[in-house]
Amino acid sequence: MAVQKRNRTKGKAASHRRQARMRKYMKIGLICLVMVFVVLGVLKIVKPDIFAGKYRERIGEHIDAAKPEIDVQLLTVNPYSRPGTETNKITGIVVHYTANPGATAMNNRDYFESLKDNHENQVSSNFVVGLEGEIVQCVPTWEVAYASNSRNIDTVSIECCHPDETGEFTDETYRSMVQLCSWLCLKFGLDENDVIRHYDVTGKNCPKYFVENEEAWNAFKENIKLAMENAQ
């Protein structure tokens, strides 16, 4: 009996030791898990390039202050103008012209919307800047728009209205283009050299005025740079 009692006592002691070890290992495991999440959080803030392939936006009061007035008129999700496909990390802003003299921003937005029904084409843009400087958003910046060919997946597109065949923009359109581009650059950690023309992607004569007038294009980028500096 004494031997059995000692064996039971030893067994209980061993069981208590195993339980204590299990609690110790679980505590260590929990601490390690918390530390992993903390490290990942710090890396995301301090070294965001680790997450370079993912869409992300920067935040800050100066970015909010630089945001122009935008009329959000999102297209219906459909295969012809708003496929709902997520973009990758935004690495550029692509400027276009509508090639539709005299048409307003809403005219162009409504044309994109009509494609869901008539299936005439696959085309759209994230933003359209109108003749009076109005800015209409058609597709969220985290979704692909059908505008810039191979660069749809990592750029934001801006279609710009113009009054005549020259493709030259009104002063109001131009000012809004500068403001919109500078805000988007701040939002995505870009600079004026990351703003490109459709021409720079495919060789297409778009935006016509900026392709045929290189000095005007360089001046436009310089204005974006100045607007960004003023927003800092």
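For the structure itself, consult the block above.
Quick look at the structure, then. This is a predicted model, so every value here is computed, not measured.

Overview of unusual backbone geometry
Next up, step 1: The step from Cys206 to Pro207 runs through a cis peptide bond, and the omega angle for that step is -5°.
Next up, step 2: Here Pro207 shows up in the loop between α5 (198-202) and α6 (208-212).
Next up, step 3: We note that Ala99 has phi near 55°; this positive angle belongs to a residue other than glycine.
Next up, step 4: The residue Ala99 is located in the loop between β2 (92-97) and α3 (105-118) in this model.
Next up, step 5: For Ala99, a relative accessible area of 48% translates into the label partly exposed.

Some remarks on a negative patch on the surface
Next up, step 1: A surface patch of negative charge is lined by Glu132, Asp164, Glu165, Glu168, Asp171 and Glu172.
Next up, step 2: Its location among the elements puts Glu172 in helix α4 (residues 171-188).
Next up, step 3: Under the relative-accessibility criterion, Glu172 is labelled partly exposed at 35%.

A few points about the pairing of strand β5 (residues 155-160)
Next up, step 1: Among the six residues of β5, six are classified as buried, and the element is accordingly described as predominantly covered.
Next up, step 2: By the bridge criterion, six bridges tie β2 to β5 in an arrangement that is parallel. Its bridge partner lying in β5, Gly92 is registered against Thr155.

Considering the side chain of Thr173
Next up, step 1: Structurally, the position occupied by Thr173 is in helix α4.
Next up, step 2: Owing to a relative accessible area of 0%, Thr173 belongs among the buried residues under this scheme.
Next up, step 3: Here the side chain of Thr173 touches Gly130 through a polar contact of 2.6 Å, landing on its backbone oxygen.
Next up, step 4: Excluding anything up to four places from it in sequence, Thr173 contacts Val129, Gly130, Leu131, Glu132, Gly133, Cys160 and Cys161.

Details of the pairing of β2
Next up, step 1: Most of β2 is tucked away, with six of its six residues classed as buried.
Next up, step 2: Neither face of β2 is open: one carries Gly92, Val94 and His96, the other Ile93, Val95 and Tyr97, and all of them are buried.
Next up, step 3: Of the strand pairs in this sheet, β2 and strand β6 (residues 195-197) are connected by three bridges, and their pairing is parallel. When the sheet's bridge partners are listed, Ile93 is paired in β6 with Val195.

Conventions adopted
Residues numbered from 1 in each chain as written. Predicted model: local features only at pLDDT ≥ 70, side-chain atom pairs only at ≥ 80, totals over all residues. Heavy atoms only, no water. Helix = DSSP H or I, 4+ residues; strand = E, 2+ residues; numbered from the N terminus. Buried < 20%, exposed > 50% of the residue type's maximum accessible area, 1.4 Å probe, protein only. Patch = residues over 30% accessible without salt bridge, like charges linked within 9 Å, V, L, I, M, F, W, Y side chains within 5 Å. Areas by Shrake-Rupley, 256 points an atom, 1.4 Å probe, with all protein chains shown as cover. Salt bridge = Lys/Arg side-chain N within 4 Å of Asp/Glu carboxyl O. Lys, Arg positive; Asp, Glu negative; His and termini not counted. Charge placed at Lys NZ, Arg CZ, Asp CG, Glu CD. Pairing = 2+ DSSP bridges. Polar contact = N/O pair within 3.5 Å; in protein donor to acceptor, adjacent residues only side chain to side chain. Contact = heavy atoms within 4.5 Å.

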